[in-house]
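Read off the chains here:
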Amino acid sequence: VKAVRRWTSSVNGNVHIVGDFQGCTQGDGVGVEILVNGQPVLARQLIGGTNTAAKYFDFVQGVSKGATVDFVVDAGPALNMNFDATAFHAQILLVP
């Protein structure tokens with residue numbers, strides 16, 4: 001099971017994407033990744049559980065109208081959804 005928060009671009013140009021995923025410190029952790037048009041720009045990483053509790057991201061990405069940016073969280077290595085509460089924050093700003 002994956003949870004996906006999707007942003008669809010209404011502009012052509014560069015956007016600055018900054019934010020974080022915050023995982024729970026119990027359980028087996030969760031997998032997090034960021035995809036642009038289905039391609040990974042932040043490869044899947046485990047956070048929470050016995051792993052690092054957070055993953056921060058800060059990058060500039062070229063996009064065109066209709067491009068998608070997916071912020072993905074999955075159940076982690078054991079596919080166990082217990083203790084998988086995950087906070088997510090992101091800002092996407094057009095680079096002038």
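Predicted, not measured: the structure shown is a model, and the values here were computed from it. (Residues numbered from 1 in each chain as written. Predicted model: local features only at pLDDT ≥ 70, side-chain atom pairs only at ≥ 80, totals over all residues. Heavy atoms only, no water.)

This next bit is on the sheet that holds strand β5 (residues 54–63). Overall, antiparallel pairing links the 3 strands, which are arranged β5-β2-β7 in an open sheet. Looking at which strands have only one partner, the edges of the open sheet turn out to be β5 and β7 (86–94). Pairs of neighbouring strands in the sheet enclose a mean axial angle of 15°, with direction left out of account. (Pairing = 2+ DSSP bridges. Helix = DSSP H or I, 4+ residues; strand = E, 2+ residues; numbered from the N terminus. Axes fitted to C-alpha atoms, helices over the stretch in contact; angles between N-to-C directions.)

Before going further, it helps to spend a moment on the pattern of salt bridges. In this structure the tally under the stated criterion is 3 salt bridges. Among the ionic pairs, aspartate 70 bridges to arginine 6, the shortest N-O distance being 2.6 Å. Here the residue aspartate 70 occupies a position in strand β6 (residues 68–74), and arginine 6 occupies one in strand β1 (residues 2–8), the gap between them amounting to 64 residues. In this structure, arginine 44 engages aspartate 74 in a salt bridge whose closest nitrogen and oxygen atoms are separated by 2.7 Å. You can see arginine 44 sitting in strand β4 (residues 39–47) and its partner aspartate 74 sitting in strand β6, a full 30 residues away along the chain. Residue classification places arginine 44 among the partly exposed residues on the basis of a relative accessible area of 42%. Residue aspartate 74 is classed as buried on the basis of its relative accessible area of 10%. (Salt bridge = Lys/Arg side-chain N within 4 Å of Asp/Glu carboxyl O. Buried < 20%, exposed > 50% of the residue type's maximum accessible area, 1.4 Å probe, protein only.)

The subject of this paragraph is the nonpolar core. Counting residues in hydrophobic clusters, the biggest one holds 16 residues, and the most contacted among them are Ile17, Phe21, Val32, Ile34, Phe57, Val69 and Phe71. When contributions to this core are tallied by element, the ones reaching two or more residues are β2 (13–23), β3 (30–36), β4, β5 and β6. Ranked by residue count, the leading element in this core is β3, at 4 residues. Beyond its immediate stretch of four places on either side in the chain, valine 32 contacts Phe21, Ala43, Arg44, Gln45, Ile47, Lys55, Val72 and Val73. (Core = buried A, V, L, I, M, F, W, Y, C linked by side-chain atoms within 4.5 Å. Contact = heavy atoms within 4.5 Å.)

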